[in-house]
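Chain and residue survey
What follows is each chain in one-letter form.
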Amino acid sequence: MNDNQQIVHTVKEQLRPPIERIPVFRWLKENLFSSWLNVILTVVSTALIVTVVFGLLKWALGARWEVIPANLKLLLVGTYPVEYLWRVWTTGYMIAFLLGFSGGSHGGLMRRVSTTAALISIVLAVLPFPWGTRGWLVGIAVAAAVGFGLGYLGKGIRWCKRLEIAAWILSFPISLVLLNGVGGILPVIGRRTTWGFLLNLIGAVVGIGLSFPIGVLLALGRRSELPAVRWVCTAYIEIIRGVPLISLLFMASIMLQLLLPANIRPDLLIRAMMTVTAFSAAYMAENVRGGLQAIPRGQYEAASAVGLNKALITILIILPQALRLVIPAIVGQFISLFMDTTLFGFIAILELLNITRSIMGNIEWRGTIFELYVFIGIVFWILCYSMSYISRRMEKTLGVGER
Amino acid sequence: MSVTSNEGIIIYRDVHKWYGDFHALRGITFTMQKGEVIVICGPSGSGKSTCIRTINRLEEHQRGQIIVDGVELTNDLRNIDTIRREVGMVFQQFNLFPHLRVLQNVALAPFWVLKMKKSKAEEIAIQLLERVGIPEQAQKYPAQLSGGQQQRVAIARALAMTPKIMLFDEPTSALDPEMIKEVLDVMKELARSGMTMIVVTHEMGFAREVANRIVFFDFGQLIEENTPEEFFHNPQHERTKLFLSQILDY
Ligand SMILES: Nc1ncnc2c1ncn2[C@@H]1O[C@H](COP(=O)(O)OP(=O)(O)OP(=O)(O)O)[C@@H](O)[C@H]1O
Ligand SMILES: [Mg+2]
């Protein structure tokens, strides 16, 4: 007892952790040349890397990159009528404006995304495109900036927030109407033309926008207490997941052609989008279900104990936690849905990949296969990487309250 | 106050509960008066949790009658809703909502269930956080709090519905020793304010000081109920004596 009381506590000054500085030479020795086997492996792989990089560089310098600018319009928007291209740009402006608005009013991730989009359009505007195109591109940055300013002013105002959400939701149908047109007001484009990369984009956005809510509902349905709902959802998920997308697409394109009379049959484009949506929703449902299963029972109990009903428990307590857990899986699903839109080519819908092939068939551009595929790869990579970057940032910002 | 006040705010009549074939509650009968504090103790697996969880229907009983504040618990969802609004519960594992800030954890139910204005609900939440002694933590997430603080948030969350009855299922069992006191202090204050409380706990000091009655459970049955004085000094049953010797004598 007495001993204890005599102990004097002196709090030592807080020290910085030691910084480990490994000399380059030692690092090389430890990691690359630690044994004879490693020496051989290092030398061989260095030689390989050098050869490949040199080969690539040599090819890239001699490649006929002019095939890209010469066919840029064709690649991006297919044979969309030139006189209606303003509709595509207007859609872009609307999205840029909304992005800017959200960036201005929220900060954080949204701000980063909107500024990046504006910066990219400015950088593109500096490139030697035709002057008209450059003007439109600058317009994108301007729209984003205006949106940003307004969003910044409206920050924290309740009705501004509601307006923002409503605008985002409305932007979906508005974009579709703008791009495709409606009878009587805007000339309908439909399948009069090919759409190029625009089709992949629309397919992905529609697919993501619809398959996400449907997937969540399916996942909830699969855990429902009502047996009928549970069985239907389970059957749907399991059947769809057992069939390759490409065969579903063929069914949608050919079998429906035979089964349904032409006047009530939806257009091939719509059928294709419905098919990827239906396909993706089944996978989405399983991802979400994984998240739902990870929520401990205590959360349901605590929420019931304070008097929340089942719907509110699901919306307020369970889904936010479950979805946050499966963000990586969900974004992975988005990405693969985006890639899957290239399968549209197989059912005679001319998307990016298909158009590429038709360009290669042109005598003038014979032998530009690598250039075109590298271009496609880069375009897809940029968008998919952005998605996965956003997903990682979201996980971080949303992860504050993680146990 | 209410019509049934002389009969009791909680009435159990021969309540049975099975988990599959396992007979977890084997005919529980007791009555509790408004403002009473009852401590339930008993060995692990004896059915203490099951019993108090039947009060707000987290578990369903299969036979007998449970009447809470004049409303009988049946499959009628409206009855269950009414009772859940009047009965607050605090869990061993806190069960706070990890994705919501402390303030939102507390203000959630008044806003969504009682349909209060958001500002009003948050005002109440702040008052309750002051009452449990952690107003400065309002903007943090549960994971950023110590166990004792989390449990006090959980108490505030339950109180936000202004319940008539509070249930505590081993509220201090998951806490480090130095945090047990801060939670027990809040509970003592609550008991002094006249709250009707059922507390499952092994904290015999708390039972001695605060409880009006102690109830002893074993094998799904209510073996003995008595005042703390009698319970500790003059236990009636052999099982009770054995249990007391085990928890008090080491
Ligand atoms: N969901 C369940 N399914 C099956 N059996 C259960 C379930 N919940 C509890 N039991 C069983 O019912 C009995 C009573 O459990 P209960 O949780 O009420 O005990 P307890 O007295 O609270 O014990 P402890 O002090 O360990 O919390 C135990 O034997 C337990 O195994
Ligand atoms: Mg228990």
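Residues numbered from 1 in each chain as written. Chains lettered and ligands numbered in written order. Predicted model: local features only at pLDDT ≥ 70, side-chain atom pairs only at ≥ 80, totals over all residues. Heavy atoms only, no water.

Examining the overall build of chain A
Where we set the bar: Going along the chain from the N terminus, every DSSP run of H or I of four or more residues is numbered as a helix, and every run of E of two or more is numbered as a strand. Both definitions apply: the radius of gyration is a C-alpha atom measure, and the globule rule equals 2.2 Å times residues to the power 0.38. Accessibility here uses a 1.4 Å probe with only protein chains present; expressed as a share of the type maximum, an area under 20% marks a residue as buried, one over 50% as exposed, and anything in between as partly exposed. Residue burial considers only the protein chains on display, and all accessible areas are found by Shrake-Rupley using a 1.4 Å probe. Positive: Lys, Arg. Negative: Asp, Glu. His and the chain ends are not part of the count. Charge positions come from single atoms, namely NZ of Lys, CZ of Arg, CG of Asp or CD of Glu.
In terms of helices and strands, chain A carries 17 helices and zero strands. Computed over its C-alpha atoms, the radius of gyration of chain A comes to 27 Å, more than 25% above the 22 Å expected for a compact globule of 403 residues. By principal-axis analysis of the C-alpha atoms, chain A measures approximately 95 × 65 × 50 Å. When the 403 residues of chain A are sorted by exposure, 38% land in the buried category. Of the roughly 23800 Å² that chain A leaves accessible, carbon and sulfur atoms contribute 72%. Each charge class in chain A was averaged separately, 34 positive and 18 negative side chains, and the resulting centres sit 4 Å apart.

Quick word on the site of ligand 1
Residue and element names in this part refer to chain B. How we decide: The cutoff for a nearby residue is simple: one of its non-hydrogen atoms must lie within 4 Å of the molecule or strand. Each polar contact in these results corresponds to two N or O atoms within 3.5 Å; when the atoms are within protein, one needs to be able to donate a hydrogen and the other to accept it, and residues that are neighboring in sequence are counted only if both atoms are side-chain atoms.
Around ligand 1 sit Y19, F22, P43, S44, G45, S46, G47, K48, S49, T50 and E170, and that is every residue in its neighbourhood. Between ligand 1 and Y19 there is a distance of 3.4 Å, counted from a nitrogen atom to a side-chain nitrogen or oxygen. Within the contact set of ligand 1, an oxygen atom lies 2.6 Å away from a side-chain nitrogen or oxygen of S49. Within the complex, 61% of the 630 Å² of free accessible area of ligand 1 lies under protein. Sorting elements by how many residues they give to the shell around ligand 1 places helix 1 (residues 48-55) first, with three residues.

Examining a nonpolar patch on the surface
Put simply, the rule reads: Only residues whose relative accessible area exceeds 30% and that form no salt bridge are eligible for patches; like-charged ones are grouped when within 9 Å, while nonpolar side chains (Val, Leu, Ile, Met, Phe, Trp, Tyr) are grouped when within 5 Å. A pair is scored as a salt bridge if a Lys or Arg side-chain nitrogen falls within 4 Å of a carboxyl oxygen belonging to Asp or Glu.
A cluster of nonpolar side chains, contributed by I40, V44, L48, I49, V52, V53, L56 and L57 of chain A, occupies part of the molecular surface with about 750 Å² of accessible area. Tracing the sequence through the fold places V44 of chain A in helix 3 (residues 36-62).

Observations regarding the side chain of D218 of chain B
All names here are of chain B. Basically, it comes down to this: Note on definitions: a residue-residue contact is assigned when non-hydrogen atoms from the two residues lie within 4.5 Å.
With respect to the helices and strands, the residue D218 is situated in strand 9 (residues 213-218). Within polar-contact distance, the side chain of D218 engages the side chain of R239 at 2.2 Å. Not counting the four nearest positions on each side in its chain, D218 is found in contact with P43, S46, I223 and R239.

Comments concerning the interface of chain B and chain A
Our working rule: Here's the idea: put two parts together, see how much 1.4 Å probe accessible area each one loses, and the total over both is what we call buried area.
At the junction of the two partners, chain B supplies 22 residues and chain A supplies 21 residues. Carbon and sulfur atoms supply 66% of the area buried between chain B and chain A, which totals about 1900 Å² over both sides. For R297 of chain A, the salt bridge identified is with E59 of chain B, shortest N-O distance 3.8 Å. Tallying contributions element by element places helix 3 (residues 102-112) of chain B first for the side of chain B that touches chain A, with three residues.

Comments concerning the pattern of salt bridges
Residue and element names in this part refer to chain A. For the structure shown, the criterion picks out 23 salt bridges over all chains. Of the charged contacts in the structure, one is a salt bridge between R222 and E238, with a shortest N-O distance of 3.0 Å. Here the residue R222 occupies a position in helix 9 (residues 197-222), and E238 occupies one in helix 10 (residues 227-241), the gap between them amounting to 16 residues. With a relative accessible area of 15%, R222 lands in the buried category. On the accessibility criterion, E238 (37% relative accessible area) is partly exposed. In this structure, E286 and R241 form a salt bridge, with 3.9 Å as the shortest nitrogen-oxygen distance. Placement of E286 in helix 12 (residues 268-293) and of R241 in helix 10 is noted, with a sequence separation of 45 residues between them. Residue E286 is classed as buried on the basis of its relative accessible area, which comes to 15%.

Comments concerning the domain arrangement of chain A
All names here are of chain A. To keep it simple, the criterion reads: Domain segmentation is taken from an automatic or database assignment of domains. Amino acid classes used here: Ala, Val, Leu, Ile, Met, Phe, Trp, Tyr, Cys and Pro are nonpolar; Asp, Glu, Lys and Arg are charged; the rest, including Gly, are polar.
When its domains are assigned, chain A resolves into domain 1 (84-187) and domain 2 (194-403). Taking the mean C-alpha position of each, domain 1 and domain 2 sit 24 Å from one another. Each side of the interface is counted separately: domain 1 has eight residues, and domain 2 has 10 residues. Of the roughly 770 Å² buried between domain 1 and domain 2 on both sides combined, carbon and sulfur atoms contribute 83%. Inspection of the domain 1/domain 2 interface yields zero salt bridges. Remark: the boundary between domain 1 and domain 2 carries one residue pair in polar contact (both at pLDDT 80 or more). When residues of the side of domain 1 that touches domain 2 are traced back to their parent elements, those giving at least two are helix 6 (108-126) and helix 8 (158-180). Here the element with the most residues in the side of domain 1 that touches domain 2 is helix 8; it accounts for four residues. In the side of domain 1 that touches domain 2, the residues fall into six nonpolar, one polar and one charged.

Some thoughts on the confidence of the model for chain B
Put simply, the rule is: What pLDDT conveys is the predictor's confidence in a given residue, as a value from 0 to 100.
With 97% of its residues at a pLDDT of 70 or more, chain B has an overall mean of 93. Both scores are given for the predicted complex: the pTM is 0.86, the ipTM 0.94.

As for the sheet that holds strand 6 (residues 87-90) of chain B
Residues and elements named next belong to chain B. As a reminder of what qualifies: In this analysis, strands are considered paired if DSSP registers two or more bridges between them. Lines are fitted to the C-alpha atoms to define the axes, a helix being fitted only along its stretch in contact, and any angle between axes, read from their N-to-C directions, falls within 0 to 180 degrees.
Taken together, six strands build an open sheet; the order of strands is 6-7-8-3-9-10 and the sheet is mixed. The strands lining the two open edges of the sheet, one partner per strand, are strand 6 and strand 10 (221-226). On average, each strand axis in the sheet is inclined to that of its neighbour by 20°, with strand direction left out of account. Pairing geometry for strand 6 and strand 7 (residues 165-169), over four bridges, is parallel. Across the sheet, the residue bridging to G88 is M166, located in strand 7. Along the sheet, helix 6 (residues 177-192) makes contact with strand 3 (37-41), strand 7 and strand 8 (196-200), crossing strand 8 at roughly 145°.

Focus on the sheet that holds strand 4 (residues 63-68) of chain B
All names here are of chain B. Spatial ordering of the open sheet is given by 2-1-4-5, a layout of four strands whose pairing is antiparallel. Each edge of the open sheet is held by one strand with a lone partner, namely strand 2 (22-32) and strand 5 (71-72). One ladder, built from two bridges, connects strand 4 with strand 5; its direction is antiparallel. Considered in strand 5, the bridge of I67 is made with E72.

Structural notes on helix 11 (residues 245-259) of chain A
Residue and element names in this part refer to chain A. Heads up, the condition is: One less than the residue count of a helix, multiplied by 1.5 Å, gives the span that helix is expected to have. Each residue is assigned a bend, namely the angle between axes fitted to the seven residues that terminate at it and the seven residues that start at it.
If you check helix 11, its first and last C-alpha atoms are 20 Å apart, about what 15 residues at 1.5 Å a residue would give, namely 21 Å. Helix geometry: helix 11 is bent most strongly at M251, by close to 30°. Turning to helix 11, its buried residues are L245, L248, L249, A252 and S253. Looking at the buried positions of helix 11, the neighbouring elements they touch are helix 10, helix 12 and helix 15 (327-340).

Looking at the packing of helix 4 (residues 118-131) of chain B against helix 5 (residues 147-159) of chain B
All names here are of chain B. Here is the rule: Just so you know how the angles are binned, under 35 degrees is roughly parallel, over 145 roughly antiparallel, 65 to 115 roughly perpendicular, and the rest oblique. If you view the pair so one helix is near and one far, a crossing is left-handed when the near helix is turned anticlockwise from the far one by less than a right angle, and right-handed when it is turned clockwise.
One way to put it is that helix 4 packs onto helix 5 with a least axis distance of 9 Å and a crossing angle of 135°. Classified by the interaxial angle, the pair formed by helix 4 and helix 5 is oblique. Handedness of the helix 4/helix 5 crossing: right-handed. Each of L128, L129 and R131 in helix 4 lies in contact with helix 5, whose residues at this interface are V153, A156 and L159. For the contact of helix 4 with helix 5, a count of residues per class yields five nonpolar, no polar and one charged.

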